[in-house]
Amino acid sequence: MTTARTYPAATAYREILDQANRHDPYPYFAELGTVPIQRLDADNWLVSSHEAISRLLRDPRMSTEDPRIDTADVPLGSDGKPVTGPFLFRDPPHHDTLRRQTMYRFAPRVMAMRPHIETLVTELLDKRLGDAPGRLDVVAELAYPLPIRVICELLGVPPADEPVFHSFATRLTKALDPEEALTRQEIAELTVTRREWRAYLMPMIAQRTERPGPDLISALLTEGDPRTRMTQVELGITLGLLLIAGHETTVNLVANGTLALLRNPEVLTGLRADPESVPAVVEEVLRYDPPVQMTSRQATADITVDGHTIRAGEHVTLLLAAGNRDPRRFADPHAFRPGRPANAHLAFGGGVHYCFGAALARMEAHAALTAVATRLTNPRLLDDPPPYRPNTTLRGPAELLVAYDAVTS
């Protein structure tokens, strides 16, 4: 039997999974990046070049569905097939149906929230007015409360339940990590968390079915063609996806962006002088330190990439963070340089599974990073590197302590 130790890539990959390296996995991504595609073991591949990742993200022969799931006791979805996961982990055509139903009702509500998001950021930092000099945990006091409040308002979840949503978001995020990074206890805890999530959510869905409101849950339950409308089980799973995608990724984006700004004071000064430059800053954060570090696919047919043939049934891990620092695609890739030309990063994936919440994440990051740059006087890091949360796929600081001389109004 072939072991993982046979393959050179396994060593660097294990270092990426090791929590001890969570604060800086990029040397190991760079090491793997010297070989664009290589075997991790007998059944798994690692892909690290920007070009190969881009191609595979868009290849319809690459599936996000897990063929190992036992569907014997799984309820049927609106397509008459077992519900094996959220639409992120379903293939077309049912993926397209579920995504379209959600997007039609999600996008208009998100676009209407831009002024409100800026107000929420203002309110969060206003709590620090008069506290000078002071210190702020950017994760706990800005990056976490902003997206949880936004996603709860979208779903019509009462403010009193925001801590409950926060807890579920933190625990469910572990489900996105590679299996080899999870302990048996963590897998067992995920099973319990999913059960608790359903128990919490189903009464809310039943209540909105009887008395619909203006929120997204009600719209998904009552609008559109009833023949293709998602079942309550599909809706519960979709809401779990929105919670993770609409919250955890943005937490990391705001925290990673603040960290990058404070480590690069010339960029912070530039953003303070020209707040209109924030889109370029956020795009560079997404490339330089992406909230989502990797994703995976399953080949449904033999696919040849860069002279290697991935066989049908083999598993492929796409190292987005490595592709974002691929020197064949980006000049001086390890430098944080907003405004770099053609910044076609991979932070939001690509193809039919391009990040559903990308527009919302950008909107929240624009508001938060602009406020950090323009309202905090002389901000500086108190702990560098900061402690990181254990998650591998969605990587970000557990806390980010910043000292400042004043908070301006």
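- The protein has the name Putative cytochrome P450 in an unreviewed UniProt entry, where Actinacidiphila reveromycinica is given as its organism.

**Quick notes on the packing of helix H4 (residues 94-111) against helix H11 (residues 232-263)**
- Direction vectors running N to C along H4 and H11 enclose 65°, while the axes themselves pass 12 Å from each other. Taken together, the axes of H4 and H11 are roughly perpendicular relative to one another. For the element pair H4 and H11, the recorded crossing hand is right-handed. For the pair formed by H4 and H11, the contact residues are His94, Leu98, Thr102 and Phe106 on the first element and Glu234, Thr238 and Leu242 on the second.
- Within the contact of H4 with H11, the residues separate by chemical class into three nonpolar, three polar and one charged.

**Brief notes about the sheet that holds strand S2 (residues 44-47)**
- Pairing in this open sheet of five strands is mixed, and the strands run S1-S2-S8-S5-S3 from one edge to the other. Taken across any chain shown, the strands that pair with only one partner, and hence form the sheet edges, are strand S1 (37-39) and strand S3 (62-63).
- Of the strand pairs in this sheet, S1 and S2 are connected by three bridges, and their pairing is antiparallel. Looking at S2, one finds that Arg39 is bridged to Trp45.

**Some thoughts on unusual backbone geometry**
- Across the junction of Pro92 and Pro93, the peptide omega takes the value 10°, indicating a cis bond.
- Relative to the assigned elements, Pro93 resides in the loop between S3 and H4.
- Ala132 connects to Pro133 through a cis peptide bond whose omega is -10°.
- Looking at the secondary structure, you find Pro133 in the loop between helix H5 (114-126) and strand S4 (134-137).
- Unusually for a residue other than glycine, Asp306 sits at a positive phi of about 50°.
- Relative to the helices and strands, Asp306 resides in the loop between strand S6 (303-305) and strand S7 (308-310).

**Remarks on the nonpolar core**
- Within the largest apolar cluster, 101 residues are counted, with the highest numbers of intra-cluster contacts made by Leu56, Leu155, Phe165, Trp197, Leu239 and Leu243.
- By residue number, the principal contributor to this core is H11, which donates 14 residues.
- Setting aside residues no more than four positions away along its own chain, Phe165 makes contact with Ile148, Cys152, Leu155, Val157, Trp197, Tyr200 and Leu243.
- Core analysis: the second largest hydrophobic core is formed by 15 residues, Ala12, Tyr13, Tyr26 and Leu46 among them.

**Observations concerning the sheet that holds S4**
- Across the sheet, which stays open at both edges, the three strands sit in the order S4-S11-S10 with antiparallel pairing between neighbours. Of all strands in the sheet, those with a lone pairing partner are S4 and strand S10 (380-381), marking the two edges.

**Considerations on the packing of helix H7 (residues 145-155) against H11**
- Contact pair H7 / H11: the axes reach a minimum separation of 9 Å and the direction vectors enclose 155°. With respect to each other, H7 and H11 are oriented roughly antiparallel. When the axes of H7 and H11 are compared, the crossing they make is right-handed. Across the interface between the two elements, Pro147, Ile148, Ile151 and Leu155 of H7 pack against Leu239, Leu242, Leu243, Gly246, His247, Thr250 and Val251 of H11.
- Looking at the contact of H7 with H11 residue by residue, the classes come out as eight nonpolar, three polar and no charged.

So, how was this worked out
- Residues numbered from 1 in each chain as written.
- Predicted model: local features only at pLDDT ≥ 70, side-chain atom pairs only at ≥ 80, totals over all residues.
- Heavy atoms only, no water.
- Axes fitted to C-alpha atoms, helices over the stretch in contact; angles between N-to-C directions.
- Helix = DSSP H or I, 4+ residues; strand = E, 2+ residues; numbered from the N terminus.
- Parallel < 35°, antiparallel > 145°, perpendicular 65-115°, else oblique.
- Left-handed = near helix turned anticlockwise from the far one by under 90°.
- Contact = heavy atoms within 4.5 Å.
- Nonpolar A, V, L, I, M, F, W, Y, C, P; charged D, E, K, R; others polar.
- Pairing = 2+ DSSP bridges.
- Core = buried A, V, L, I, M, F, W, Y, C linked by side-chain atoms within 4.5 Å.
- Buried < 20%, exposed > 50% of the residue type's maximum accessible area, 1.4 Å probe, protein only.

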